[in-house]
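Commentary on secondary and tertiary structure
In case you want the letters, here they are:
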Amino acid sequence: MSEAAIPLRQRLWNPEARLAYVLLAPAVLVLLGFMIYPIVYVFLISLFKTNKLAQFKEFVGLRNFVNQLADKEFWQITARSLYWTAIAVAVKTVLGMIVALLLNVKYAGRKFARMLFIVPWASAVPISAILWGWVYHPQYGLLNATLKATGIWANPPTWLGRPLPAFTACIWVDIWIGIPFMALVFLAGMQAIAEDLYESAYLDGVNALQKFFYITLPGIRHLVLIATLLSCLWTFNDFNTIYILTRGGPAGATDILITKLYKNAFEFLKFSPAAVMAVVTFFILTALSILYARIYFRQEQAS
Amino acid sequence: MKWRNRGKPIAVILTVVLLAFLLFPFFVMLSTMLKSAEEVYTNPPPWIPKSWKFSNLIRLWSEFDFAVYFKSSLIISLGSTLLNTLLTVPAAYAVARLRFVGRRFILYLFLVIQMFSPVIVVISLFKTMASLKLLNTYLSLILANSVFTIAFTIWMMNGYFRSIPKEIEEAALIDGCSRVQTITRIMLPIAVPGLVTTMIYSFIAAWNEFLFGLTFIQSKQKMPLVLGLYNFVGRWTTQWELLNAAAFVALVPVLVLFYIIEKRLVAGLAGGAVKA
Amino acid sequence: MRRRIVWVLVLALLLAGGFAWAQKAKVTFFWAMYDGLTEDFRESLQDAFMAANPSIDVDIVPIDWNLMQEKMTTSVAGGQPPELCVIGTRWLLDLMSTDSVLEVDKVVSKATLSNIAAGAMEAKIKGKLMGLPIAAGARILAINNDVTKVVPKTMEELRAEAKKVNKPPKTYGLIMPGKKFTELTDFCYYLYSAGGDYFAKNADGSYGKCVVNSPAGVKALQFMVDLATKDKVVQEGYLGLNRMDSHPIYYEGRAAYVMIGAWVESAMKDIATKPKTQYALIPPFAGQKQSGLIITDSVAIFKKAKYTKEAGKFLDFFYQDAWKAKFDELVGFPPVTISAGKLPQFQSPLYQALGKAAMSAKGWPLIEEWAEASDIIWDANVKAFLGQMSPKAALDEAAAKVDKIRGM
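The numbers attached to residues start from 1 for each chain and follow its sequence in the written order. Whichever chain is written first becomes A and whichever ligand is written first becomes 1, with later ones labelled in order. Thresholds applied to this predicted model are a pLDDT of at least 70 for local features of residues and 80 or more for the giving and counting of side-chain atom pairs; totals over whole chains, interfaces and linings are not thresholded and use all residues. Based on all heavy atoms of the structure, the side-chain values leave hydrogens and waters out of the count.

Here we look at the overall build of chain A
The cut-off we apply is this: Each helix is a run of DSSP H or I of at least 4 residues and each strand a run of E of at least 2, with the numbering of both proceeding from the N terminus. Accessibility here uses a 1.4 Å probe with only protein chains present; expressed as a share of the type maximum, an area under 20% marks a residue as buried, one over 50% as exposed, and anything in between as partly exposed. Contacts are residue-level and defined by heavy atoms, with any inter-residue pair within 4.5 Å sufficient. Accessibility throughout is a Shrake-Rupley quantity obtained with a 1.4 Å probe, and a residue counts as covered only by protein chains that appear here. This count recognises Lys and Arg as positive and Asp and Glu as negative, with His and chain-terminal groups excluded. Working definition for charges: the position is that of NZ of Lys, CZ of Arg, CG of Asp or CD of Glu.
Counting its secondary structure elements, chain A contains 15 helices and two strands. For chain A, the C-alpha atoms occupy an extent of roughly 75 × 65 × 30 Å along the three principal directions. Per-residue burial for chain A yields a buried fraction of 63% across its 303 residues. In chain A, of all internal contacts separated by at least 6 residues, the share reaching a separation of at least 24 is 65%. Accessible area of chain A: about 12,400 Å², with a carbon and sulfur share of 67%. The centroid of the 24 positive side-chain charges in chain A is displaced by 8 Å from the centroid of its 14 negative side-chain charges.

See below:
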């Protein structure tokens, strides 16, 4: 019986739906209860001029947006946010997958290895950023000292001082922090793939690469989608890493939307431009999510 | 099983190499936390400290009250994990198994929330907590943490629940189980790897949460560990040896917890409940 | 039965949440964790005040300096400010524009106020004292006597001596940070020494257009760029080192000169290899008058907080010599109170140099958009260091941007 044939009332209020609402209520209430006000507030502020206490002063409609969009720097920062996210998520996913595959192999001491791989994730992001800053320190940092001493790189760059090395340094820290999460999610998914699939593949003479692409990957496809989508959202808004390592420097070479937003709100007390950036972030991420969700739901129906 | 053992040696070697590379900053941490103040400021910096100052670790407890920070973090993290699990499991089951109008919308909604970084909402959340008289309470952090981790945990559990074949549930329902019983007695045990993943995620997210801890907590007695680490970041200098020691100490419980729980991740459908 | 359980759970949850009914007056003080300030001091100050004033509770909340501005902004914007907060005096402009701070003399006693040194009154804006100075220090030149004994009278002399003793990486001529930091140093030192300033001053005392790109400003920035890239007397990797990262190189003894503040001795005290240090004023460029920078932090009292009167009592207690002088000793800053200034522990060479420098020093421009303006000027500095733009072009661009944000 097609959905359209069922009357709306019954579709909304049958026993199954009722149970669903009850089960969903706690989570939805908590979420909306706490987030509705901040989200509405951010959207409203972007349409107003505010004072230094983030209070509304004057309705200016879309003027804040026009001002931002006319600023060349804004576009540079937005573009940077996009490729920052793209590169970081891509590398995180690939490395996470490799790590997950490695940890899926049984050997003595695997438990210990799994624990060690968690280290980048087990430390708080601001602390990791501060400690990486120490690793990158031009005079006391062990990175350049080791590179020079072992001869791997005789003249390493001043990591946080020049535009390209700074960007690379920041993005590597973000990737480093993100690998364990990816690995964990993929690994847990790999556990759910039935052993006999691999067994029969072995008997059929399938090689390792084919096993990966035809059994493992399809088996965790939905997890890869969710993990990369969420990672995109989180990476786009990764504030602490860049702010602590370079404050968006040198001369704005590592500024992304979220760091610029923070500076506007908490350093300059200009809450309206900050809100505009938050709204722009929202639209970009929504577009991304819709794209992802389409793929996800289409794949859900197929399975 | 012969096919299993073939990849082993390569995997082990690769693992060691990758670990050595990834754990570089961790080694730096171990090296720095055992140094004295002036050894920290030596160029070129040595890997092995001349004299091993374990006193750096001891000072955390004797001089800097780290036990207090530890207790706070523990309460906040356990509370957040508990609340998150209680909210997530029913919601994820509903989204995974039940048919109702707005199912896709709800999933979208949870996703949309993730688009707002804590930085953006912190001031408004502060006002909300203030009006609920929850400022300077553990509950404010427990709630805030749950809000920001629910989206992920629900999507994750949704995925895990969906990967369980429907036949098991249907068999149970035919046998006379209620819906709730199928969740607790059948779905959850099978989805344990997923559940453990989401619980670890909640715990770590809460343990390492920084912005809300800074904003909502007003008294030192309730400050979480991450904030305690900032004791060593001064205005004129940073006490690197103590900071690294503190970061190490903050890290260890998470690693230990993970080590203990890791077994559950391994238990999958290997029990053979269902053939593919 | 089940309903009762639910109520018990709800009650337990509320209690766990720390639902407290405050009936005693409670003063909350956001306390900046200055280096050298100990937990013991904070706790004993708290206990002593509460013992002397049983009807008032005080909670001194230790917060790292780098996190203070954010925490303060959120609390104030969120409508729940603390009674007292240590702030950078320059933040007062923003706070005053939203009428968030209370005039100090409304709650602090005349005795305490008359004991404050006149030179520390940076927080006196438009004739009203809006913050009580807690730490004030001018910036000075520290000279490593193990490497050189020359006390430069001009910047050009400093440059010449730095070149002479520069033997990297064992010894650097001069420490100069090249990475952005909240404070616009070291550029400020060179700018003031060149006789330049940030803004033109109008007849009525208000600030006019941005003049960092004046010949003096360009000269200052060019000088800095030359020191780093032509003479190479500056520490290696300076582009990746902000002030906090670079000063330890001096504490280690590996630099001849550094422009630094009152904290230098308290920062060096734990390091065994510290250099024998002499203090002098930051020299002017040839033909200019000596002019330095002085920075003050203040304690602000927030209007919206509940117990401002009790907060005033706490400040009276804290500013007695017994406590404030100890605070000054621990932090390493010269005292802001007249009575403490006479104590023997504050007569060392460092304090003498600080006192002398304070007499010809000026502070940051007190304008509302200073945070953004200094951010823009810092970027200009970095662009010049990187060679992306010439000092003149970078400063021209910066001045134009600053004028734009100020609506000039």
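A closer look at the domain arrangement of chain B
Much of the literature gives interface size as the accessible area that the parts lose upon coming together. All names here are of chain B. Quick reminder of the rule: These domain boundaries are the output of an automatic or database domain assignment. Buried area is understood as the total, over both parts, of accessible area removed when two parts are fitted together, assessed with a 1.4 Å probe. Each salt bridge in this description consists of a side-chain nitrogen of Lys or Arg and a carboxyl oxygen of Asp or Glu lying within 4 Å of one another. Here a polar contact means two N or O atoms within 3.5 Å. Within protein one must be a hydrogen donor candidate and the other an acceptor candidate, and residues neighboring in sequence count only if both atoms are side-chain atoms. As a working rule, the residues Ala, Val, Leu, Ile, Met, Phe, Trp, Tyr, Cys and Pro are called nonpolar, Asp, Glu, Lys and Arg charged, and the rest polar, with Gly in that last group.
Assigned domains within chain B: domain 1 (2-33) and domain 2 (62-270). Between domain 1 and domain 2, the C-alpha centre-to-centre distance is 28 Å. Taken together, the contact pairs five residues of domain 1 with seven residues of domain 2. Contact with domain 2 buries surface across domain 1, with Met29, Thr32 and Met33 losing the most and accounting together for 79% of the total. Run the count over domain 1 and domain 2 and you get zero salt bridges. Seen at the junction of domain 1 and domain 2, the total is zero residue pairs in polar contact (both at pLDDT 80 or more). Considering only residue class, the side of domain 1 that touches domain 2 consists of four nonpolar, one polar and no charged.

Some points on the confidence of the model for chain A
Where we set the bar: What pLDDT conveys is the predictor's confidence in a given residue, as a value from 0 to 100.
Considering every residue of chain A, the mean pLDDT works out to 88; 97% of them sit at 70 or more. Between the elements of chain A, mean pLDDT differs from a low of 73, seen in helix α1 (residues 8-13) of chain A, to a high of 95, seen in helix α13 (residues 240-246) of chain A.

Considering the interface of chain C and chain B
Each side of the interface is counted separately: chain C has 38 residues, and chain B has 30 residues. Both sides of the chain C and chain B interface together cover about 3,400 Å² of buried area, and 60% of this is carbon and sulfur. If you look at where chain C meets chain B, you find two salt bridges. For Lys220(B), the salt bridge is made with Glu39(C), and the minimal N-O distance between the two is 2.4 Å. Our count for the contact surface shared by chain C and chain B stands at 11 residue pairs in polar contact (both at pLDDT 80 or more). Only α2 (39-52), β2 (56-63), α3 (65-77) and α9 (243-251) of chain C provide two or more residues apiece to the side of chain C that touches chain B. In the side of chain C that touches chain B, the residues fall into 17 nonpolar, eight polar and 13 charged.

Description of the nonpolar core
The nonpolar side chains of a soluble globular protein tend to be buried with one another. Our working definition: Among buried residues, those of type Ala, Val, Leu, Ile, Met, Phe, Trp, Tyr and Cys that are joined through side-chain atoms within 4.5 Å constitute a nonpolar core.
One finds Phe161(B), Tyr34(C), Phe187(C) and Tyr198(C) to be the most contacted residues of the largest nonpolar core, which totals 372 residues. Setting aside residues up to four positions removed in sequence, Tyr34(C) forms contacts with Arg235(B), Trp236(B), Trp65(C), Val86(C), Ile134(C), Ala135(C), Asp297(C), Phe327(C) and Val331(C).

Here we look at the interface of chain B and chain A
The interface of chain B with chain A comprises 106 residues on the first partner and 102 residues on the second. Together chain B and chain A conceal approximately 10,100 Å² of surface at their shared face, both sides included; 78% is due to carbon and sulfur atoms. Here chain B and chain A share zero salt bridges between them. Where chain B touches chain A, the interface holds 11 residue pairs in polar contact (both at pLDDT 80 or more). With 13 residues, the top contributor of residues to the side of chain B that touches chain A is helix α15 (residues 240-266) of chain B. Its residues placed into classes, the side of chain B that touches chain A shows 78 nonpolar, 15 polar and 13 charged.

Things to note about the environment of Met199(B)
All names here are of chain B. Structurally, methionine 199 can be placed in helix α12 (residues 192-207). In the structure, methionine 199 is positioned 121 residues away from leucine 78 in sequence and 9.7 Å away in space, judged by C-alpha atoms. Among all residues touching methionine 199, those that are not within four sequence positions of it are Thr81 and Thr85.

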